[in-house]
Structures are given as structure tokens and as C-alpha cells.
Amino acid sequence: METMEQILGQQAFFADFPAAFVKLIAGCARNHHFKAGEYLIREGDPADRFYLVRQGRVALEITAPARAPIIATTLGEGEIVGVSWLIPPYRAEFDARAMEPVRAIGMNATCLRGKCEADHHLGYEMMKRFLPVMVKRLHATRLQILDVYGQR
Amino acid sequence: MGTEVLKDPFVPEIYRVESVRRELADAVTLELAPVSGKRPDFRPGQFNMLYAFGVGEVAISMSVSAHEGPGFVHTVRNAGAVSGALARLEPGSTLGVRGPFGTGWPVAEAEGRDVLIVAGGLGLAPLRPAIQEVLAHRERFGRVTILVGCRSPSEILYQHDLEQWKQRLDVNVEVTVDHAGTDWHGNVGFVTTLIPRSPFDPANVVAMVCGPEVMMRFAATGLQKGGVPASSIYLSMERNMKCAIGLCGHCQFGPAFICKDGPVLPLDRIAGLLTVQEV
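Rules used throughout
- Residues numbered from 1 in each chain as written.
- Chains lettered and ligands numbered in written order.
- Predicted model: local features only at pLDDT ≥ 70, side-chain atom pairs only at ≥ 80, totals over all residues.
- Contact = placed C-beta atoms within 7 Å.
- Helix = DSSP H or I, 4+ residues; strand = E, 2+ residues; numbered from the N terminus.
- Nonpolar A, V, L, I, M, F, W, Y, C, P; charged D, E, K, R; others polar.
- Pairing = 2+ DSSP bridges.
- Domains from an automatic or database assignment.
- Axes fitted to C-alpha atoms, helices over the stretch in contact; angles between N-to-C directions.
- Parallel < 35°, antiparallel > 145°, perpendicular 65-115°, else oblique.
- Buried ≥ 20, exposed ≤ 12 C-beta atoms within 10 Å, placed from the backbone.

## Some words on the interface of chain A and chain B
Logical step 1: Contact with chain A, which involves 20 residues of that partner, is made by 23 residues of chain B.
Logical step 2: Listing elements by their share of the side of chain A that touches chain B, those giving two or more residues are strand 4 (58-62), strand 5 (70-75) and helix 4 (120-146) of chain A.
Logical step 3: With 5 residues, strand 5 of chain A is the single largest residue contributor to the side of chain A that touches chain B.
Logical step 4: Partitioning the side of chain A that touches chain B into residue classes produces 12 nonpolar, 6 polar and 2 charged.
Logical step 5: Bridge analysis of strand 5 of chain A against strand 10 (residues 180-181) of chain B gives 2 bridges, and the strand direction is antiparallel. Across the sheet, residue A:Ile70 finds its bridge partner in strand 10 of chain B, namely B:Gly181.

What follows is the structure, given as C-alpha cells:
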């Protein structure tokens, strides 16, 4: 049976992550399974966990009063669900719903923040991986709201 | 495959509308047959100048491969006076056709390599003939991936074809929309987000990209970030075309004329121009 350390080491997100750090964060991680329709994260909840999707697809949703929820984006294998754990006040800003059965590695964010605070080299390695995720999503969102397929 | 040479490229041939299929609220597909003679041969990616009598001409790419039928098939969006007149044509009515013109998708050059199709909105129309030819000779190509982006689930072009392609085990098809409610079970996000998730060898892929120019620009950037050389990325450019044979200069794009040197151009030839305003 694979250890969490081995599983983490196989993820593209942790490519080139120093082995000592993989070992360090493995203690904050565990496997999760979600049925289709289950929520990984609910808006407003404490951002005490983020997920690395191993299989399946997750919808990030926004709800508005008197309107049906809107899907802001969908995330799949190898992608991160939840970045609010990095930013105070550490509250989730979207719902994350499993669109199909999802297998994911869940990271205890409180545990990980503590380790990052204690070892800033680890914190920097994590930041180097999360910052591109956030920039790519910001960029993709800009293109979405440009509505490029509409008539000019 | 050669292109028949027209005696006078300025004289349109008369074609009859055989059928009209509504694709989207503002787009129809016209199936055209020559009133006399034979339809000329053409390559995927080429275009015709369609003449709505008394209104004007507009450049529209072929949207079905030459091998799929005896006529021309064009998908037209009602975006102006001429395209609006074309979109209102009914079966039995006639129009003028000049063409085929321009360069085509590098289908033959892609043999032995992976093929990546990236389409945005109505950009799937000029790519469909290339897809049809690749799938007709599937064994000649490596992995084939078709990525399609559009505004919303109700604006997905050629849903029937996409469903058929998805059912094949030898093609990877992904559709994404910019906006969707929770009743949509597919991807949501800009089409460029699908590129890193797609299976292809960046060193041995031919990417064919068509859609709004801003979408093509960012798709090209995404492909290059993924290691695809500019010489393997092809874009179908759109400019206002008039003569269609490189004489009038209306469609000039830097040193190239889109009608004659394009519309399909490799990125390494035009990369520097894509971010220049007013070109």
C-alpha cells in the first residue's frame, strides 16, 4: 500500500518539491472521497482544508439571492480546490461541489500553515506552487468576462 | 489535392441553397449546390466569397470537408448587412460564389504527429473540415484532441458532430463554456484552460486554432508555454476581405494578405503582429 508521502510525491503539483518537505507535509494530508453532488467546501466556512484532485471534476460555484447558482469554473485531475487557506481571515469564498465521484488529497490547512510559519523555506516552496495557480485563474477569469465570443 | 483555377476570379458562379439548418439563434448552415457545372475542389480552411445579390459579398470558410458531399457547406452568423442577408436565405434561393480562396489547414503535414484542434465560438466551423479529414484517415495521425470553447451551453456549435466525435475511442473531445448554471455537467472556464490538461506531445504536435483573435492569441501563448514551437501552431486569421486574390489590400496584415497568404498562417510568421493594435 502506498504511503501518503509516496502519493504526494507522484503529484505534478509537487514536482521538484524537496523530499524532506514532502515528508513534512504528508502528516497534514489524507485521502478523501466525495460522491457526485457532495460539497468539498462551502462558502463562508473556515478555510481549514484544501484539496488536490486525483480523479473526477469539481465545480466552483457562486450563489446569489433569488438566482440559481452559477458555476465559475470547473477543476479536474491534478488541480487545486481551495486557496483561501492562504489568505486571512481564512474563509472559503466559493462552494466546491463534486460534479462526479471525486478522489482527492485533503490537506489540513491549519496544520500546513503552522509548518509553513515554522519553516519559511517550506512556506516559500508552497507559495511558488500556489501563486501560479492563482495567477492562471485570475487570467482565465479575465478572459471569461471579456465575453470574446459575443458580437462586437 | 489541387484547387481548380477559375477563369475569372471576380465572376461569381451561381449556386442554389439546397438546405438551411439553424445552428444557433444567430447562425445558420447553408448547403449550396452549383446551378450548372461542378463544384471546384477545396482544402479544409479555405474560404469562398458569398454574394448576397444586391447586398454584397463576404468571406466565409467552408464548414464541411470536400469529401463529405458534392456542394459547399457554409455556416454563417448574422453579424451585418451581408451575412444577415445570407442568413435569411431560404432553400431554393440563389447566391453568387467566388472561390475557393486562401491557404488551408496543414492536415497532410500533420500526418504522423499528434493533432490538437482549439476552437472558440464559431471558430469550429472552419476547423470542421480539417477534423473530418483527420478522422477519415485516423490511422495516419497520432493522438487527436479537439478542444471547443463557447459562451454558454446553448451556444455550442455542431452539437451532433461533437457527440459523435466524443463517442469515438480514438479522439479526445473536451467542450468548455464561459458561463453555466448547475444543470451543465461539462467544463466551465476559458478554452485555454483545457490546453494543459490535454494529452499531446508538444514536440510532435500540430495545433490548429480558430476563434476570436484574442482567444487565438491566448491559446497560442498557452501552447507555447506548454512547449509547442510557434512553427507548429496555425491560426486562421480574419480581416475584411474584398477581392480575395491579394490585389486590393483590404485584408493586409503586416506583410501578408490574409486572403492570399492566409487565412491559415503559422504563428511564427505572424506572432509579432498579434499584439500590434490597428494591424
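## Observations regarding the sheet that holds strand 2 (residues 39-41) of chain A
Logical step 1: Strand order in this open sheet of 5 strands is 2(A)-7(A)-4(A)-5(A)-10(B), and the pairing throughout is antiparallel. Looking along the sheet, the strands with just one partner apiece sit at the ends: strand 2 of chain A together with strand 10 of chain B.
Logical step 2: The pairing of strand 4 of chain A with strand 7 (residues 95-98) of chain A spans 4 bridges and is classified as antiparallel. Its bridge partner lying in strand 7 of chain A, A:Ala59 is registered against A:Arg97.

## Quick look at the pairing of strand 1 (residues 13-24) of chain B
Residue and element names in this part refer to chain B.
Logical step 1: Strand direction decides the pairing type here: strand 1 and strand 6 (residues 94-101), joined by 4 bridges, are antiparallel. When the sheet's bridge partners are listed, Glu13 is paired in strand 6 with Val97.
Logical step 2: In this sheet, strand 2 (residues 27-34) lies alongside strand 1 in antiparallel orientation, the contact comprising 8 bridges. The residue bridging Val17 from the neighbouring strand is Leu32, located in strand 2.
Logical step 3: Remark: 2 residues form the turn of the hairpin made by strand 1 and strand 2, two consecutive strands paired antiparallel.

## Re the domain arrangement of chain B
All names here are of chain B.
Logical step 1: Looking at chain B, the domain boundaries give domain 1 (13-101) and domain 2 (108-273).
Logical step 2: One C-alpha centre belongs to domain 1, the other to domain 2, and the line joining them spans 22 Å.
Logical step 3: Each partner contributes to the interface: domain 1 provides 19 residues, whereas domain 2 provides 18 residues.
Logical step 4: Going through the elements one at a time, strand 1, strand 3 (47-52), strand 4 (56-61), strand 5 (72-77) and strand 6 are the ones with two or more residues in the side of domain 1 that touches domain 2.
Logical step 5: Grouping the amino acids of the side of domain 1 that touches domain 2 by side-chain chemistry returns 9 nonpolar, 6 polar and 4 charged.

## Digging into the sheet that holds strand 13 (residues 233-236) of chain B
Residues and elements named next belong to chain B.
Logical step 1: Within the open sheet, the 7 strands sit side by side as 11-9-8-7-12-13-16. Their pairing is mixed. The two strands at the open ends of the sheet, each matched to only one other strand, are strand 11 (187-188) and strand 16 (264-266).
Logical step 2: Of the strand pairs in this sheet, strand 13 and strand 16 are connected by 3 bridges, and their pairing is antiparallel. Within the sheet, the bridge partner assigned to Leu235 lies in strand 16 and is Leu265.
Logical step 3: Sitting on the sheet, helix 2 (residues 124-136) touches strand 7 (114-120), strand 8 (144-150), strand 12 (205-210) and strand 13, and the angle it makes with strand 7 is about 155°.
Logical step 4: Sitting on the sheet, helix 3 (residues 159-167) touches strand 8 and strand 9 (172-177), and the angle it makes with strand 9 is about 140°.

## Focus: the packing of helix 3 (residues 109-118) of chain A against helix 4 of chain A
All names here are of chain A.
Logical step 1: Remark: helix 3 packs on helix 4, axes separated minimally by 5 Å, with the N-to-C direction vectors making an angle of 120°. The angle between helix 3 and helix 4 places the two elements in the oblique class. Counting all contacts with helix 3, which are made through Lys115, Cys116 and Glu117, the residues of helix 4 involved are Leu122, Gly123 and Met126.
Logical step 2: Looking at the contact of helix 3 with helix 4, its residues break down into 3 nonpolar, 1 polar and 2 charged.

## Structural notes on the environment of A:Arg113
All names here are of chain A.
Logical step 1: Within the element layout of this structure, Arg113 appears in helix 3.
Logical step 2: Note on Arg113: 18 C-beta atoms within 10 Å, which makes it partly exposed.
Logical step 3: Note: C-alpha distance between Arg113 and Val58 (55 residues apart in sequence) is 24 Å.

## Points about unusual backbone geometry
Logical step 1: With an omega dihedral of 10°, the bond running from A:Pro88 to A:Pro89 counts as a cis peptide bond.
Logical step 2: With respect to the helices and strands, A:Pro89 occurs in the loop between strand 6 (80-81) and strand 7.
Logical step 3: B:Pro263 follows B:Gly262 through a cis peptide bond whose omega is 10°.
Logical step 4: By the secondary structure assignment, B:Pro263 is in the loop between strand 15 (256-257) and strand 16.
Logical step 5: Its identity is not glycine, yet A:Ala66 carries a phi of approximately 65°, on the positive side.

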